[in-house]
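# Residue-level structure breakdown
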Amino acid sequence: MTGALAGISMDAQEVADSGSTLRAIESRGYLRCGVDVGLSGFAERGEDGVWRGFDVDLCHAYAAAILGRESAIRFVPLTTAERFDALAADDVDILIRNTSWTFERDVGMGFDFAGIAYFDGQGFMAPADLGISSARDLHGARVCVQGATTSALNLADYSATHGLDMQAMEYPTATAGLEAYAAGECDVYTNDLSSLAGLRASLEDRDAHILLPDVISKEPLGPVIREGDAAFEDVARWILLSLIAAEELGVTAENARAQAQNNPSPEVRRLLGADGDFGERLGLDNRFALRAIEAGGNYGQIFDRNLGAGSPLQLRRGLNAQWTEGGLLYAPPFR
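Residues numbered from 1 in each chain as written. Predicted model: local features only at pLDDT ≥ 70, side-chain atom pairs only at ≥ 80, totals over all residues. Heavy atoms only, no water.

A tally of helices and strands in the protein chain yields 14 helices and 14 strands. Scaling as 2.2 N^0.38, a compact globule of 335 residues should have a C-alpha radius of gyration of about 20 Å, and the protein chain matches this with 20 Å. Taking the principal axes of its C-alpha atoms as reference, the protein chain extends roughly 60 × 45 × 40 Å. Counting only residues that meet the buried cut, the protein chain has 55% of its 335 residues in that class. When contacts within the protein chain are restricted to residue pairs at least 6 apart in sequence, long-range pairs at least 24 apart make up 71% of them. With the model as given, the accessible surface of the protein chain reaches about 14,400 Å², and the carbon-plus-sulfur share is 50%. Across the protein chain, the 27 positively charged side chains and the 49 negatively charged ones have centroids separated by 7 Å. (Helix = DSSP H or I, 4+ residues; strand = E, 2+ residues; numbered from the N terminus. Rg over C-alpha atoms; globule rule 2.2 N^0.38 Å. Buried < 20%, exposed > 50% of the residue type's maximum accessible area, 1.4 Å probe, protein only. Contact = heavy atoms within 4.5 Å. Areas by Shrake-Rupley, 256 points an atom, 1.4 Å probe, with all protein chains shown as cover. Lys, Arg positive; Asp, Glu negative; His and termini not counted. Charge placed at Lys NZ, Arg CZ, Asp CG, Glu CD.)

Shown next, in the form of structure tokens:
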């Protein structure tokens, strides 16, 4: 394991040392965004060939902010096993693909996390007729889980901590795990709760399955870039933060341009590039945040459309609400 991680770190450093990611994107003319191969609500390619989802909309915001056009993008679908190798090898510029920020990934694998786009946690999905109401009832259960993930490690820790003697049934992809669960190869399925909600929505009879209330881990999901490119790390971080700040400040896709012209708030004007030189300091132009917001809306609009009230998943904001609403979303000031 150590040797593999060392190899990834070396490749990532070579890529970072070869030049600025931002300049490479501008020279190429499009952003390469690594996304899931297909996860309802986050990244899914429709029969019309169009990619949709929470992560997809974030990718569009990045393309709009950096290149001026939300369509200046190439989506690269990646499995869990492929994602880090692809980023290290410079096959993608940024990974926005339900990836948890952990110490090992940040420090030991040659990557940097640009922030937290979604506060998640691992849970369990079970057949409603199984008659259980808590993960503590799963002693001896067969549990479908995706291998080579933090989910598998968390399951082992939880089982050992509570003496549950669970049997992990590992599968290479989330879809393979779901198919095994649906076929009765295991009793319950574990994954991040956001993923479980999307997977449950794809089942033929979603109401025959429930999400247990237990949350057994912290899974902060966010954009990942190669280590060693401080300039692009700033760009990746502040594009995300601009979407979060926009929601707090009442700036939407529909009113952003008018707000830039008419809002007297100094922070709104700085955010939208009407005052100050914040974009230029990032190596962009000063209207980068305005374009990111217009591409698909502020953070709340993106969440509601793909995951929340306006979506089939109907997820509550929870920890992903603004700090003013009891959540953890908090953007440092544009000052």
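Turning our attention to the nonpolar core. If you look at the biggest cluster of nonpolar residues, it comprises 73 residues, and the most contacted ones within it are Phe54, Tyr118 and Tyr189. For this core, the element with the most residues is helix α9 (residues 230-249), which contributes 10 residues. Those residues in contact with Phe54, other than ones at most four positions away along the chain, are Gly41, Phe42, Ala117, Tyr118, Tyr299, Ile302, Phe303, Asn306 and Leu307. Formed by 16 residues, the second largest nonpolar core is a distinct cluster that contains Ala152, Leu155, Tyr158 and Leu212. (Core = buried A, V, L, I, M, F, W, Y, C linked by side-chain atoms within 4.5 Å.)

Further remarks concern the pairing of strand β10 (residues 167-171). Remark: a regular strand shows side chains that alternate across the two faces of the sheet. In this sheet, β10 lies alongside strand β9 (residues 142-146) in parallel orientation, the contact comprising 5 bridges. Paired with Val143 across the bridge in β10 is Ala168. A crossover links β9 with its parallel partner β10, the connecting element being helix α6 (residues 150-161), and its sense is right-handed. (Pairing = 2+ DSSP bridges. Right-handed = clockwise from strand over helix to strand, strands pointing away.)

A word on the packing of α9 against helix α14 (residues 299-306). Where α9 contacts α14, the axes come no closer than 6 Å and their chain directions differ by 95°. Classified by the angle between their axes, α9 and α14 sit roughly perpendicular to one another. Every residue of α14 that contacts α9 at Leu243, Ile244 and Glu247 is listed here: Tyr299, Gly300 and Ile302. Residues of the contact of α9 with α14, tallied by class, amount to 4 nonpolar, 1 polar and 1 charged. (Axes fitted to C-alpha atoms, helices over the stretch in contact; angles between N-to-C directions. Parallel < 35°, antiparallel > 145°, perpendicular 65-115°, else oblique. Nonpolar A, V, L, I, M, F, W, Y, C, P; charged D, E, K, R; others polar.)

In space, the 5 strands of this open sheet follow the order β10-β9-β11-β8-β12, with mixed pairing throughout. For this open sheet the edge positions go to β10 and β12 (209-211), each flanked by a neighbour on one side alone. Direction aside, the axes of adjacent strands within the sheet are offset by 30° on average. Sitting on the sheet, helix α8 (residues 193-201) is in contact with β8 (122-127), β11 (188-192) and β12, with an inclination near 125° to β11.

Turning next to the state of the cysteines. As enumerated under the stated definition, the model contains 2 disulfides in all. A sulfur-sulfur distance of 2.0 Å marks the disulfide that ties Cys33 to Cys59. Linking Cys33 and Cys59, the disulfide has an S-S dihedral of approximately -70° and is accordingly described as left-handed. Of this pair, Cys33 sits in strand β1 (residues 31-36) while Cys59 sits in helix α3 (residues 54-67), and the two are 26 residues apart along the sequence. Side by side, Cys33 and Cys59 carry an identical accessibility label, which is buried. Between the sulfur atoms of Cys144 and its disulfide partner Cys186 the distance amounts to 1.9 Å. (Disulfide = S-S within 2.5 Å.)

This next bit is on the packing of aromatic side chains. Tallying each qualifying case throughout the model produces 13 aromatic pairs. Measuring from ring centre to ring centre gives 5.7 Å for Phe54 and Tyr299, while their planes differ by 80°; the resulting arrangement is edge-to-face. Within this pair, whereas Phe54 is found in helix α3, its partner Tyr299 is found in helix α14, the two being separated by 245 residues in sequence. This pair shows no difference in class: Phe54 is buried, exactly as Tyr299 is. Seen from their ring centres, Tyr118 and Phe303 are 6.1 Å apart, and the 10° between their planes marks the pair as stacked. You can see Tyr118 sitting in strand β7 (residues 118-120) and its partner Phe303 sitting in helix α14, a full 185 residues away along the chain. Residue classification places Tyr118 among the buried positions, given a relative accessible area of 6%. (Phe/Tyr/Trp six-rings, centres within 6.5 Å; stacked < 30°, edge-to-face > 60°.)

With respect to the element layout, Asn286 can be found in the loop between α12 (278-282) and α13 (288-296). Assessed through its relative accessible area of 16%, Asn286 is described here as buried. Of the polar contacts made by the side chain of Asn286, one reaches the backbone oxygen of Gly276; its length is 3.4 Å. Of note is the side chain of Asn286, whose polar atom sits 3.1 Å from the backbone nitrogen of Glu280. (Polar contact = N/O pair within 3.5 Å; in protein donor to acceptor, adjacent residues only side chain to side chain.)

Most of β8 sits out of view: 6 of its 6 residues are buried. Because side chains alternate across β8, one face comprises the buried residues Gln122, Phe124 and Ala126, and the other comprises Gly123, Met125 and Pro127, equally buried. The sheet contact formed by β8 and β11 spans 4 bridges and is antiparallel. In the strand pairing of β11, Phe124 is matched with Thr190.

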